[in-house]
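The residues making up each chain are set out below.
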Amino acid sequence: MAAVASAVTTVTSGALSGAGGEMGRRSSEALAGLVRRMRRRDADPEPDPGTPEDRGVRADESPLLPATDEERRELARQLWESSRTSPGFARDVTAWLRETGWLGSRAVPAVAPGASRPRMLPPANAAFTDREALPDQIARVLDGEERADGVPAVVVLVGPGGIGKTAAAVHCAHRLTERFPDGQLYIDLRGQSATTALTPSEALVRLLDALRVPTGRLPADERRLSELYRDRTAERRMVVVLDNAHSERQVRPLLTAAPESLAIITSRYRLDRLAADPGAKVIRLDPLTTADSVRLLTRIVGRDATAGRGPGPGVAAVAERCGGIPLALCETGARVAVREHLTWDTVERQLSERAHRREQEALSMDDRSARGAVDLTTDVTYGELSPRAALLYRMLGVWPWPGITVGAARKAVDAADDDEARALLDELAGVHLLEEVGEERYRFHDLVRDHAARCGEAEDRHADRAAAVRRVVGWYLGFAAAADLRVIPGRWRLGPAYARLAPPAADRDPEDGRLALAELRAERENLAAAVRAAEHHGFDELAWQLCEAMWGLHLRLGFHEQWVETHLKGVAAARRSAAEFGDPRAEGRVLVQLAFARMGLESWPEAEEALVNAAAADERAGHHRGQASAVEALGLLRLKQWRYPEAQRSFEEARQVLGRIRPGDDGAADVPRALALLDHHTGRALRGQERYGEAVRRLHEALAHFRALPEPDLYNEGRVYMSLGETHLDAGDAEAARVCLDEAIATMGREGAELQHADAAEMRARCARALGDPAAEAGDLRTAVALYETVGDQASVERVRARLAEVTE
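Here's a quick rundown of the structure. All of these numbers come straight from a predicted model, not from anything done at the bench.

If you walk across this open sheet you meet the 3 strands as β6-β8-β7, and the pairing is antiparallel. Single-partner strands in this sheet number two, and they are β6 (404-405) and β7 (435-438). Bridging between β6 and strand β8 (residues 441-443) involves 2 bridges; their strand directions are antiparallel. Residue pairing for β8: I404 is matched across the bridge by Y442.

On to the packing of helix α11 (residues 290-301) against helix α13 (residues 313-321). Packing of α11 against α13 leaves a shortest axis separation of 9 Å and a crossing angle of 105°. Relative to α13, the element α11 is oriented roughly perpendicular. Contacts from T290, S293, V294 and L297 of α11 reach α13 at V315, A316, V318, A319 and E320.

Within this structure, the stated rule accounts for 79 salt bridges. Its salt-bridge partner being R698, residue E652 comes within 3.4 Å of it at the nearest N-O pair. Taken together, the residues span a long stretch of sequence, with E652 in helix α30 (residues 644-658) and R698 in helix α32 (residues 692-707) at a distance of 46 residues. Each of E29, R684, R687, E726 and D730 takes part in a single network of salt bridges with overlapping partners.

Moving on, we get to the environment of G792. With respect to the helices and strands, G792 occurs in the loop between α36 (774-791) and α37 (794-808). Note: C-alpha distance between G792 and R212 (580 residues apart in sequence) is 6.3 Å.

Looking now at the packing of aromatic side chains. This structure, assessed with the given rule, holds 7 aromatic pairs. Between W401 and Y476, the aromatic rings sit 5.7 Å apart at their centres with planes inclined by 35°, giving tilted as the arrangement. Residue W401 is located in the loop between α17 (387-396) and β6, and its partner Y476 is located in helix α21 (residues 462-487); the two are separated by 75 residues in the primary sequence. Since its relative accessible area comes to 0%, Y476 is described here as buried. Seen from their ring centres, W475 and Y476 are 4.9 Å apart, and the 75° between their planes marks the pair as edge-to-face. A residue is classified by how much of its surface remains accessible, and W475, at 21% relative accessible area, is partly exposed. Of the aromatic side chains, those joined through ring pairs into one cluster are W401, W475, Y476 and F479. Seen from the ring of F539, R470 lies directly overhead, with NZ or CZ sitting 4.9 Å from the centre. When the ring centre of W492 is taken as reference, the NZ or CZ atom of R589 above it lies at 4.3 Å.

Along the polypeptide, T566 turns up in helix α26 (residues 560-579). When near neighbours in sequence (up to four residues on either side) are disregarded, T566 contacts A528, V531, C547 and M550.

Here the focus is the nonpolar core. In terms of nonpolar packing, the biggest core is built from 202 residues, with L262, I264 and I265 touching the most fellow members. By residue number, the principal contributor to this core is α21, which donates 11 residues. Each residue touching I264, except ones within four places of it in the same chain, is listed here: I138, V155, L157, A169, C172, A173, V239, V240, V241 and L242. One finds L699, L709, L729 and M748 within the second-largest nonpolar core, a separate group that totals 37 residues.

What counts, and at which threshold
Residues numbered from 1 in each chain as written. Predicted model: local features only at pLDDT ≥ 70, side-chain atom pairs only at ≥ 80, totals over all residues. Heavy atoms only, no water. Pairing = 2+ DSSP bridges. Helix = DSSP H or I, 4+ residues; strand = E, 2+ residues; numbered from the N terminus. Axes fitted to C-alpha atoms, helices over the stretch in contact; angles between N-to-C directions. Parallel < 35°, antiparallel > 145°, perpendicular 65-115°, else oblique. Contact = heavy atoms within 4.5 Å. Salt bridge = Lys/Arg side-chain N within 4 Å of Asp/Glu carboxyl O. Phe/Tyr/Trp six-rings, centres within 6.5 Å; stacked < 30°, edge-to-face > 60°. Buried < 20%, exposed > 50% of the residue type's maximum accessible area, 1.4 Å probe, protein only. Lys NZ or Arg CZ within 6 Å of the ring centre and 35° of its normal. Core = buried A, V, L, I, M, F, W, Y, C linked by side-chain atoms within 4.5 Å.

None of the figures reported here should be taken as evidence of function without further support.
Structural data, given as structure tokens:
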């Protein structure tokens, strides 16, 4: 009973979100078939549900996908009771459990063969000073007698911004790596304020991504994400650095339960309740002593250089002016390091004069506090920048970009080219006003960005700062549109951002689409920040176009919380834009995309509402292509809900709407491909109703339509062959299924679609099993394992290997 309940919960709760990929979809549809048969058997106990005589189903017999925990428990109970009274049905339920059991939680060995050993720690700081006792303190926590058996170690480093918490946590984690051979996880939780803090779900998605769990297979809600995270870290000896935490609520779902693990949390806030549960050791970081501050300055500047500039009272006075705050000391040391003739006495005088001026300007802050010390040193450093670097500093500070790239910097100051932008970024990084966090990627410390923003407010016109933001947002839009065109070349699009872009060549490298998706993924957080910036500044046309340009990113990779956030803003922007003579088609388009995001979060009513509103908006706009897409998406939602007859009606309605498009109308060029897709969807809806003959005929019509397109769509041809294979398998014709899957495998192989290729190989292994050919089954399973290894889908590798072991025993 427990196994049935677990499988029902996992399969049905992931049906909308896509967790489990194609295997999850098939498992859900197979469960729908079991439920239909169970209910027919309850109504008419003869013949046994396990026999072929029960083929065929009336339209009104389609069950509904259970949506609540109570409904799932009840369905599991019914399946269990029916299995106890029918041997044939019990065999089918057992077979379904064997195919779907991998979706549930299970223990993971210390590190399974081939499992990811993430190495996410940032580089250690060579100038790290003091805190030398900290690794020993943490080691005592790991080895101490007061630590309960089986309880993971948790250390919390607290202190104000700029005190060096991140550097200390990273330094300690590096020092302790030998004790944690299974990997190191690191994440910046951005907890300097509630508005910037990552949600627990977003943080879990990033951590699971580092553990090589495919994003398309992640559950939708925080509870199951946290369970999956604990499952994937179970029994692993890992160190997890949770940097810049905002609250206990943010942190708790990110704590592993592995007893040999260590979590190091940093925060500006007291997280006292973590001391009680889970028994964290809270360590407060204080400012450095004057002696340690001098030592840090010496390491940054270099001992020889320091000696040549008159060490003694001058450097000690500078250290005292910096208040023992490492961020202020690093800024000051970096400035001296790049100024060959700058002496400590001069630096001390500059800091003293600036402190006096702040008092005169009524801007005094306690320069013993972290913020006051950082402001003081940053003022002096900023005053020595070149005019163009100072302008870039201010323009980048206008908006809290998660990362700063060369292209964005170029647009921020309208630089001549990337080389000028690189030189300006190098100048800012050289004096520690920016941190370089990757190849040509930078970020502000939030205290420094706050200073930059205040400088901009004091020195630049609001219109100039807004124009800088608009240029950066426009750059991100252009970048995203170009990448999106490479990810899904054949889809129809809205917005002038695509007007000047040429579609990729038909003979392009198959890897190009995957590379474009990786580029979008790398800029995902900046793209979301660009939508927020566009909304804040009233750039409505840019806001909704950014949502359109992120379609390929979200459709392929998920990240549903961000998807919903940005597209809610995009819908509002599209409405405002249309009221000001913008594109009236935009609202419906973004609403459809929002609906897919809602599906991913299993928010069924909200998804359906968005699609109904999208269809109405497109009808008002006279946009038949958009209306057809909205109705088609409503059919896809109903497919996921097992509402197969309703799904079929939606697809037929979408076909009727497409029939209103005349040659030369908006979207006319896309109609043949749209009709082919609708044939495919309709075939799936017919299969869900067990109308197999009709389903096969409609799927062959889809194939014919795809083959007749002016530009081949081999990927979707391959998908139709896969649906044909599933249909023949469900109908009991394994030989016909294998013929179709041969075509699917050949097509997906040519397209470089490894996941779909692997899925087709698994289905062909099912054919071999049905035909009593264990050698062929083993060969197909080995093919699937190799393909899943190629794309890093370790969960599928483990699942298929387990099946392969059964076959080859």
